[in-house]
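# Structural features, examined
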Amino acid sequence: MSKRTVIKIGGSMLAELSEEFYKGLIERQRSGEELIIVHGGGPAINEQLERANIEVEFDNGLRKTTAQVLTIVKDVLFHQVNQSIVSQLQALGMNAISLNGYDHRFVHATLLDEQRLGLVGDVKAVHTDVLETALREQMVPVVSPLGLTECGKQVNINADTVASAVAKALTAEEFIVVTDVDGVYIQAEKQAKLNEKDIKKFIEQGDITGGMIPKVTGALNSLSDHLQRVRIVSGKQRLTVESGTVIEKGTLVP
Ligand SMILES: Nc1ncnc2c1ncn2[C@@H]1O[C@H](COP(=O)(O)OP(=O)(O)OP(=O)(O)O)[C@@H](O)[C@H]1O
Ligand SMILES: [Mg+2]
């Protein structure tokens, strides 16, 4: 079976991604890798909310999502971000296909805390059929992070969380999280490697905050026998460069 790689593109990075970045993706696909892209949309969503005079509110890196906010989230994710990535990939000759976990019913979600966060979900299961079909046809799924609850409610899910669940469900061998910082910094020092114990400690101490929390916890949750490490990197560099922070399982002390 071909190697599978999940790449999460942060909304924070989208505007700055170079043609070189996209070309790097094309090279990977040409060399036989199966690629799956999951994207965020933070800054573009914030801009649109501000334009509509709606307050932007986050709680531990998760966007508080009223029904009104969700309408804007969907509009920005589908009509701006997803379409922009798909059309850039298609322009370079890649057969990219636009998918989202709600309309295509593959991200099954639970409401995280409706009282506190509104329509924000966590991933319960990823049904991989639609993704597998696309991959079989040599298409590159470009996934917007929305999900569906058991009772049919549409929910907004952090894109790192969706990407992690997709990587796990598809038994990907590589998972790269592309963002606007070149790794996890602890007191101004970039960390080459972090394991579960470090991450728990740094979140507790308040050294890892905001949007970095779902990133590192998602990375940890995605680790498996197939996926030994996750890289958090900046989109300003080429994906082939061994950079950023590596998240891996801690060595078990007997
Ligand atoms: N210890 C840390 N090291 C590095 N960045 C951190 C740390 N703690 C918090 N952050 C913040 O996390 C941000 C990255 O997460 P953010 O959610 O903003 O971007 P993204 O996930 O790439 O984009 P999107 O959410 O739109 O997909 C960084 O820009 C930084 O401000
Ligand atoms: Mg984020």
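The rules behind each value
- Residues numbered from 1 in each chain as written.
- Chains lettered and ligands numbered in written order.
- Predicted model: local features only at pLDDT ≥ 70, side-chain atom pairs only at ≥ 80, totals over all residues.
- Heavy atoms only, no water.
- UniProt positions renumbered as here; feature names shortened; annotations may be inferred.
- Helix = DSSP H or I, 4+ residues; strand = E, 2+ residues; numbered from the N terminus.
- Buried < 20%, exposed > 50% of the residue type's maximum accessible area, 1.4 Å probe, protein only.
- Contact = heavy atoms within 4.5 Å.
- Polar contact = N/O pair within 3.5 Å; in protein donor to acceptor, adjacent residues only side chain to side chain.
- Near = heavy atom within 4 Å.
- Nonpolar A, V, L, I, M, F, W, Y, C, P; charged D, E, K, R; others polar.
- Phe/Tyr/Trp six-rings, centres within 6.5 Å; stacked < 30°, edge-to-face > 60°.

### Quick notes on the UniProt feature "site: Transition state stabilizer" (unreviewed entry) in the protein
- Under the UniProt annotation, "site: Transition state stabilizer" (unreviewed entry) lies at K8 and K215. What stands out for the annotated residues spanning 208 residues is how close their C-alpha atoms remain, the widest pair being 9.9 Å apart.
- On the secondary structure map, K8 appears in strand β1 (residues 4–9).
- Judged by relative accessible area, K8 falls into the buried class, the value being 5%.
- Not counting chain neighbours up to four residues away, the residues in contact with K8 comprise V38, G40, A159, D160, A163, F175, I176, V177, V178 and K215.
- Within the fold, K215 resides in helix α8 (residues 212–222).
- Judged by its relative accessible area of 6%, K215 falls in the buried class.
- Setting aside anything within four residues of it in sequence, one finds K215 in contact with K8, D160, V177, T179 and I232.
- Here the side chain of K215 touches D160 through a polar contact of 3.1 Å, side chain to side chain.

### Side note on the site of ligand 1
- For ligand 1, the set of nearby residues contains 21 residues, the closest of which are S12, G42, T179, Y185 and K215.
- Note that an oxygen atom of ligand 1 is positioned 2.7 Å from one of the side-chain N or O atoms of K8.
- Note that an oxygen atom of ligand 1 is positioned 2.5 Å from one of the side-chain N or O atoms of K215.
- Broken down by class, the residue content of the shell around ligand 1 amounts to six nonpolar, 10 polar and five charged.

### A short note on the packing of aromatic side chains
- All chains considered together, the criterion is met by one aromatic pair.
- Measuring from ring centre to ring centre gives 5.6 Å for F21 and Y22, while their planes differ by 85°; the resulting arrangement is edge-to-face. For the residue pair F21 and Y22, the accessibility class agrees, reading buried in each case.

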